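# Tertiary structure, described
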Amino acid sequence: YARWWPARRRAMACAVAAAVPPLIAFGLLLFHLPALYPQAERVTPPNESTGVVYDGALELAVVTIEPLTIGRQADLSLTWRAAADLDADYTIATQLLIPAAGGWRKLAEHNSFPGQGMNPTAGWRAGDAYRDRLTLVPSGELNGPTAALVQVAAHVAGQDVATTANGQALGAPPIVASTVVRPAAPLVAPDPLAEPVTFGEAIRLLSVTVEQTAGGPALVLWWAAGGAPTVDYTVFVHLLDDAGAVVAQLDGPPNDGLSPTTIWRAGDVIRDVRPLPDGATRALVGLYDPATGQRLPATQAGQPLPDNAYTISLNP
């Protein structure tokens, strides 16, 4: 590089060239590292409160979370208020959970001191408030839009601390917020019906399949949202034998309650699994408002269905 310059300017050219790498490094430090290592933001103490206090000293004032999608980043913010002078460094463990058989299923988690470790709580004074912004990336398979819960725990030196909610002692980390998680892409219903069944104005039954699950054969209903229902409808599944007698009645919200219809949005597809008992040869399927018992009108190809129920043959 220096040879390109006249002899009298080579020293200056070399000095300029030598200065370029440090300048680039300084630019990275100045503009990039704050994004990698954010600090909790000092804020005016909010008037709101979740009522949750850790160790009698660290209060969780406000929780805000965006709707989430599997595999995509979303922001969660926790606003903390020091209820007393703090001399301990609290580790905050945040988990995104959905109910599962026998407990919880974890979709995402974040463990850190506030501010990604840049704002440890030791030294916070009574009345100080900080907003800590976290990034969550949920993972896993879902059966459609799913109601999820945010659990926040605090630890000191790896040990749980006593937690209260509105003055009542808790035996487990508290649930502090709820949100909705959607699959990475809308589900695709297999073997679609020649004509979908429409219930009311915003719900369609796209497909019906029978699958073998760990618990035995199951009827799988594939629902689609054409809008945003304002009522949490209950799905009814009446299973009949050859004589028309009721073998079982499986009423309940879609997807074991994980996908209530009020969180559906246009374009959502929901996989709804219902166990099949022995002896069932037909199923009647529909939806109703649990508050009134009134069934949603059911039509197929523009024609109303008897009793507002779609009949499914379960014979091979």
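Structure shown above.
Attention in this report is confined to the structure presented alongside it. All values reported here derive from a predicted model rather than from experimental measurement.

## Here's the deal with the layout of surface pockets
What the largest pocket holds in volume is close to 190 Å³. Ranked by the residues each element gives to the lining of the largest pocket, the list is headed by strand β6 (residues 91–100), at 3 residues. Classifying every residue of the lining of the largest pocket by side-chain character gives 6 nonpolar, 3 polar and 3 charged.

## A look at the sheet that holds strand β3 (residues 58–65)
The strands making up a sheet are joined through hydrogen bonds of the backbone, oriented either antiparallel or parallel. Strand order across the open sheet formed by 7 strands is β1-β8-β5-β3-β2-β11-β12, with antiparallel pairing between neighbours. Each edge of the open sheet is held by one strand with a lone partner, namely β1 (41–42) and β12 (168–169). Relative to β3, strand β2 (residues 52–54) runs antiparallel, the two being bridged by 3 bridges. Paired with Val53 across the strands is Glu59, a residue of β3.

## Here we look at the pattern of salt bridges
A side chain of one charge can pair with a side chain of the opposite charge if their charged atoms are brought near each other. Overall, the coordinates contain 9 salt bridges when judged by the stated rule. Asp128 is the salt-bridge partner of Arg42, the closest N and O atoms lying 2.8 Å from each other. Residue Arg42 is found in strand β1, and its partner Asp128 is found in the loop between β7 (103–112) and β8 (129–136); the two are separated by 86 residues along the sequence. Since its relative accessible area comes to 52%, Arg42 is described here as exposed. You can call Asp128 buried: its relative accessible area is 11%.

Basis of the calculations
Residues numbered from 1 in each chain as written. Predicted model: local features only at pLDDT ≥ 70, side-chain atom pairs only at ≥ 80, totals over all residues. Heavy atoms only, no water. 1 Å grid on protein atoms, 1.4 Å probe; cavity = no way out; pocket = protein on both sides within 12 Å on 5 of 7 lines; lining within 4 Å. Points joined across faces, edges and corners; volume = space filled by probe spheres on them. Helix = DSSP H or I, 4+ residues; strand = E, 2+ residues; numbered from the N terminus. Nonpolar A, V, L, I, M, F, W, Y, C, P; charged D, E, K, R; others polar. Pairing = 2+ DSSP bridges. Salt bridge = Lys/Arg side-chain N within 4 Å of Asp/Glu carboxyl O. Buried < 20%, exposed > 50% of the residue type's maximum accessible area, 1.4 Å probe, protein only.

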